[in-house]
Amino acid sequence: MQAYGQLISIVISGGIWGIWHAPLILLGYNYPFATGPWGVMAMCGMCIVFGAFLGWLRNFSDSVWPAALAHGVFNASVGLVSLFIVMGAPLDTTQASILGWSGWLLPTLVIAVMLLCGAYNLKRTTNLSTIR
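In what follows, the accompanying structure is described. (Residues numbered from 1 in each chain as written. Predicted model: local features only at pLDDT ≥ 70, side-chain atom pairs only at ≥ 80, totals over all residues. Heavy atoms only, no water.)

## Let's talk about the pattern of salt bridges
Any two side chains of opposite charge can pair, on the condition that their charged atoms come close.
Right, on to step 1. Taken as a whole and judged by the stated rule, the model has one salt bridge.
Right, on to step 2. For Arg58, the salt bridge goes to Asp62, with nearest N and O atoms at 3.7 Å.
Right, on to step 3. The exposure class assigned to Arg58 is partly exposed, which follows from its relative accessible area of 34%.
Right, on to step 4. The exposure class assigned to Asp62 is exposed, which follows from its relative accessible area of 64%. (Salt bridge = Lys/Arg side-chain N within 4 Å of Asp/Glu carboxyl O. Buried < 20%, exposed > 50% of the residue type's maximum accessible area, 1.4 Å probe, protein only.)

Take a look at the structure:
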């Protein structure tokens, strides 16, 4: 997908990554208060935002290992917010966790700065007519 440019590749792969998680999300995992397609949309949004960072990390390092390590740290930190809630209080992960919109703010800001600094290759890397 790199032939379409990094930005398009990141959005498409993030959407695919989010949809890949759809069966678990629809069962209430990660977004128990976001029922049906809202949970899947939240997961796709999170995957696009976090995937932008992982995609850049993979391309910048020229290795899959830094991105794999960052993914593992992210997965391990998802439940961290539960340490700060009162026992028995409901936690809406679409609002108050790294999975929800509040967790997307800082990564989105970092990605915006990276875009402004030219960290992403936004141009197509190959002529698409030769691929077909």
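There's more to say after this.
## Thoughts on the side chain of Ser9
Right, on to step 1. Tracing the backbone shows Ser9 in helix α1 (residues 6-20).
Right, on to step 2. Ignoring sequence-local partners within four residues, the contact set of Ser9 consists of Met1 and Gln2. (Helix = DSSP H or I, 4+ residues; strand = E, 2+ residues; numbered from the N terminus. Contact = heavy atoms within 4.5 Å.)

## Notes on the nonpolar core
Right, on to step 1. Tyr31, Met43, Met46, Phe74, Leu99 and Tyr120 are the most contacted members of the largest nonpolar core, which has 25 residues in total.
Right, on to step 2. Elements represented by at least two residues in this core include exactly α2 (22-26), α3 (37-61), α4 (65-77) and α5 (101-116).
Right, on to step 3. In terms of residues, this core owes the most to one element, α3, which gives twelve residues.
Right, on to step 4. In this structure, Tyr31 is in contact with Ile25, Gly39, Ala42, Met43, Met46, Thr93, Thr94 and Leu99, ignoring residues within four places of it in sequence. (Core = buried A, V, L, I, M, F, W, Y, C linked by side-chain atoms within 4.5 Å.)

## Re the packing of aromatic side chains
Right, on to step 1. This structure, assessed with the given rule, holds five aromatic pairs.
Right, on to step 2. Both rings, one in Phe50 and one in Phe53, keep their centres 6.4 Å apart while their planes meet at 35 degrees; by these two values the pair is tilted. Taken together, the residues span about one helical turn, with Phe50 and Phe53 both in helix α3 at a distance of three residues.
Right, on to step 3. Centroid distance Phe53 to Trp56: 6.4 Å. Interplanar angle 35 degrees. Geometry classified as tilted. Within this pair, Phe53 and its partner Trp56 are both found in helix α3, separated by three residues, close to a single helical turn.
Right, on to step 4. Three or more aromatic residues joined by ring pairs form one cluster here, namely Trp17, Phe50, Phe53, Trp56, Phe60 and Phe74. (Phe/Tyr/Trp six-rings, centres within 6.5 Å; stacked < 30°, edge-to-face > 60°.)

## Section: the side chain of Asn30
Right, on to step 1. Locating Asn30 in the fold gives a position in the loop between α2 and α3.
Right, on to step 2. Apart from residues no more than four positions distant in its own chain, Asn30 is found in contact with Ile25, Met43, Thr93 and Leu99.

## Section: α4
Right, on to step 1. In this model, α4 (13 residues) spans 18 Å end to end at C-alpha, consistent with the 18 Å of a helix rising 1.5 Å per residue.
Right, on to step 2. Those residues of α4 lying buried are Ala67, Ala70 and Phe74. Along the axis of α4, the buried residues cluster in a sector spanning 60 degrees; they form a single face. In this structure, α4 carries Trp65, Leu69, Val73 and Ala76 as exposed residues pointing more than 90 degrees from its buried face.
Right, on to step 3. Residues of α4 that are buried make contact with α3. (Expected span 1.5 Å × (residues − 1). Arc of directions from axis to C-beta.)

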